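Remarks on the overall topology
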Amino acid sequence: MDGSEALNYRSIEAYLDTNFVGRNIRHYNSLSSTNVKAKEIAMDVEEGTVIIAEEQTAGRGRLGRNWISPKGRGIWMSLILKPVIPPAKVARITLIGAAAVNKALGDMGIESHIKWPNDIIIDNRKVSGILTEMSCERNMVSYVIMGIGINLDLKDEELSEELAHKAISLREVAEQGIDRKILLAYILNHLEKLYIPFKMDGDISGPIEIARRNSILIGRDVWIRERDMRKKARVLDIDDEGRLMVQYDDGGMGRLASGEISIRGLEGYF
Ligand code: BT5
C-alpha cells in the first residue's frame, strides 16, 4: 500500500492522460468535506479542478449521512464540472463517476460491481460511494460537484460495528497492494473520457453500458425506499437516460432517477 505519497499533482502527473480533468489539483491535509471546499471555490476555478484531502472531519454521504474518511486511509476527492445542462440531467453524472471508478479498478485487476446509482461494491460490501451535488441558476446548472470516496485501508477500530460489516477496503482484495496515486490518475482518465461525450452531446451511453454490464441490481428482487415507504420490486434494467427500470410487486412499472435500493433476501448491507 502506498499511503506515504501525498495525492498532489506532482505525484499523479506522470499517469494522467487528460486535457482538463485533474490538471488543477488542490491537495489538503484535512478538510471538513472536499465537496464543501469544492463548492466554495467552484465559481472561481476551471472545469476539471479536483479537491483532495488526506482526511475529512465531516465527510458526507447522501441525505445528510456521514462518510467515514480517516487520515490517509482512502481517496477522498471532489471534481468540479460545468456542463451546460438543466438540473434534471445532473443525476446522470453520478453514473459517469461510478463507471469511471469501476473501470479504473478493473485496470488495476480488481473486479467490482455498480449498485445503482452511486455505490461501488466488492464482495457484497461497499468500497466506494459517490455524492453528486449541484448549484443552479434560472433552471440551468452553474456547476456540479462529484465527490468520490474510495476505501483503501480502513481499520476496524475506525468503524462502527455495523460499518465494519458493510464497508470493504481495497487492501482486503488487492494482493499486491494498491498504489493510490495510480488509481487516482486512472479514475480521472476514465472520468474525462466518459464525461466529454456527455458534455458535448448529452451522450451517456458509455457509462450506462458499463453500469448495466457490471450491475449488481439487474434481475434481482429489491426493496425501494421512497420517503417513509418501502416497496418490493424486481429490477429490470437501466434505461437510456440512466434511470432504474423496475417492476413493482403489484405489477406496476417504474423508472427511478435516483433512490435508495436494498436487495431483498440478503443479509447485511444489501
Ligand atoms: C455515499 O452516500 O455513498 C456518498 C459518499 C461520498 C463520499 C465522498 S468522499 C469525498 C466527497 N466529500 C464528501 O464529503 N463526500 C464525498 P450514501 O449512499 O448516502 O452512503 C452513506 C452510507 O455509507 C453511510 O450512512 C454509512 O452507512 C456508509 N459509509 C460511511 N462511510 C463509509 C465508508 N468509508 N465506506 C463504506 N461505507 C461507508
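Residues numbered from 1 in each chain as written. Predicted model: local features only at pLDDT ≥ 70, side-chain atom pairs only at ≥ 80, totals over all residues. Heavy atoms only, no water.

**Some thoughts on the overall build of the protein**
Helices and strands together make up the secondary structure of the protein, namely 6 helices and 12 strands. Taken over C-alpha atoms, the radius of gyration comes to 18 Å for the protein, in line with the 18 Å a tight globule of 270 residues would show. Viewed in the frame of its principal axes, the protein has a C-alpha envelope of about 55 × 45 × 30 Å. Considering the protein as a whole, with its 270 residues, one finds that 52% of them fall into the buried category. Intrachain contacts of the protein at a sequence separation of at least 6 include 64% that bridge at least 24 residues. About 12,500 Å² of surface is accessible on the protein, with carbon and sulfur atoms providing 44% of the total. Computing the positive centroid from 37 side-chain charges and the negative centroid from 40, the protein places the two 3 Å apart. (Helix = DSSP H or I, 4+ residues; strand = E, 2+ residues; numbered from the N terminus. Rg over C-alpha atoms; globule rule 2.2 N^0.38 Å. Buried < 20%, exposed > 50% of the residue type's maximum accessible area, 1.4 Å probe, protein only. Contact = heavy atoms within 4.5 Å. Areas by Shrake-Rupley, 256 points an atom, 1.4 Å probe, with all protein chains shown as cover. Lys, Arg positive; Asp, Glu negative; His and termini not counted. Charge placed at Lys NZ, Arg CZ, Asp CG, Glu CD.)

**Concerning the pattern of salt bridges**
It is possible for side chains of opposite charge to pair when their charged atoms get near one another. Within the structure shown, the criterion is met by 28 salt bridges. In this structure, Arg-125 and Glu-172 form a salt bridge, with 3.1 Å as the shortest nitrogen-oxygen distance. Note that Arg-125 is positioned in strand S6 (residues 125–137) and Glu-172 in the loop between helix H4 (161–166) and helix H5 (180–201), a separation of 47 residues in sequence. Note on Arg-125: relative accessible area 22%, which makes it partly exposed. Taking the relative accessible area as the measure of exposure, Glu-172 reaches 39% and is therefore partly exposed. In this structure, the salt-bridge partner of Arg-212 is Asp-237, at a minimum N-O distance of 3.2 Å. Pair noted here: Arg-212 is in helix H6 (residues 205–213) and Asp-237 is in strand S9 (residues 229–238), with a separation of 25 residues, a long-range link. Assessed through its relative accessible area of 24%, Arg-212 is described here as partly exposed. A residue is classified by how much of its surface remains accessible, and Asp-237, at 28% relative accessible area, is partly exposed. (Salt bridge = Lys/Arg side-chain N within 4 Å of Asp/Glu carboxyl O.)

**Focus: the packing of helix H3 (residues 91–107) against H6**
Across the interface, H3 lies against H6 with an axial gap of 9 Å and an inter-helix angle of 60°. If you check the angle between H3 and H6, you find them oblique. Here H3 and H6 pass one another in a crossing that is left-handed. Where H3 approaches H6, its residues Leu-95, Ile-96, Ala-99, Asn-102 and Lys-103 are matched on the opposing element by Pro-207, Ile-208, Ile-210 and Ala-211. (Axes fitted to C-alpha atoms, helices over the stretch in contact; angles between N-to-C directions. Parallel < 35°, antiparallel > 145°, perpendicular 65-115°, else oblique. Left-handed = near helix turned anticlockwise from the far one by under 90°.)

**Some points on the sheet that holds strand S5 (residues 119–122)**
Strand order in the open sheet made by the 7 strands is S1-S2-S3-S7-S6-S5-S4, with mixed pairing throughout. Sheet topology places strand S1 (25–31) and strand S4 (113–115) at the edges, where each strand pairs with a single neighbour. On average, adjacent strands in this sheet sit at an angle of 20° to one another, irrespective of strand direction. When S1 meets strand S2 (residues 50–56), the two strands line up parallel, connected through 6 bridges. Looking across to S2, one finds that Ile-25 is bridged to Val-50. (Pairing = 2+ DSSP bridges.)

**Side note on the site of the ligand**
Around the ligand, a shell composed of 28 residues is seen, among which Ser-33, Arg-60, Arg-65, Lys-126 and Asn-151 lie nearest. Interatomic distance of 2.7 Å between a side-chain N/O atom of Ser-33 and an oxygen atom of the ligand. Taking Ile-68, its main chain carries an N or O atom lying 2.9 Å from a nitrogen atom of the ligand. Burial of the ligand by the protein chains amounts to 94% of its free accessible area of 790 Å². Elements with a contribution of two residues or more to the shell around the ligand: helix H2 (34–41), strand S3 (74–81), S6, strand S7 (140–151) and H4. By residue class, the composition of the shell around the ligand is 9 nonpolar, 13 polar and 6 charged. (Near = heavy atom within 4 Å. Polar contact = N/O pair within 3.5 Å; in protein donor to acceptor, adjacent residues only side chain to side chain. Nonpolar A, V, L, I, M, F, W, Y, C, P; charged D, E, K, R; others polar.)

**Some thoughts on the nonpolar core**
In terms of nonpolar packing, the biggest core is built from 66 residues, with Leu-170, Leu-183 and Leu-188 touching the most fellow members. What Leu-188 contacts, discounting residues up to four positions off in sequence, is Ile-12, Leu-16, Thr-18, Val-21, Gly-22, Ile-25, Val-50 and Met-77. Leu-31, Ala-38, Ile-51 and Tyr-143 belong to the second largest nonpolar core, which has 10 residues in total. (Core = buried A, V, L, I, M, F, W, Y, C linked by side-chain atoms within 4.5 Å.)

**What to know about the environment of Val-246**
With respect to the secondary-structure elements, Val-246 resides in strand S10 (residues 244–248). For the pair Val-246 and Asp-119, spaced 127 residues apart in the sequence, the C-alpha separation amounts to 18 Å.

**A word on the packing of aromatic side chains**
Remark: the centre distance and the inter-plane angle together describe each pair of aromatic rings, the angle taken between the planes. For the structure shown, the criterion picks out 2 aromatic pairs. Ring centres 6.4 Å apart and planes at 45° place the aromatic pair Tyr-195 and Phe-198 in the tilted group. On the criterion of helical spacing, the pair formed by Tyr-195 and Phe-198 is a turn pair, its members being 3 residues apart in helix H5. Accessibility expressed as a relative area gives 2% for Tyr-195, which makes it buried. (Phe/Tyr/Trp six-rings, centres within 6.5 Å; stacked < 30°, edge-to-face > 60°.)

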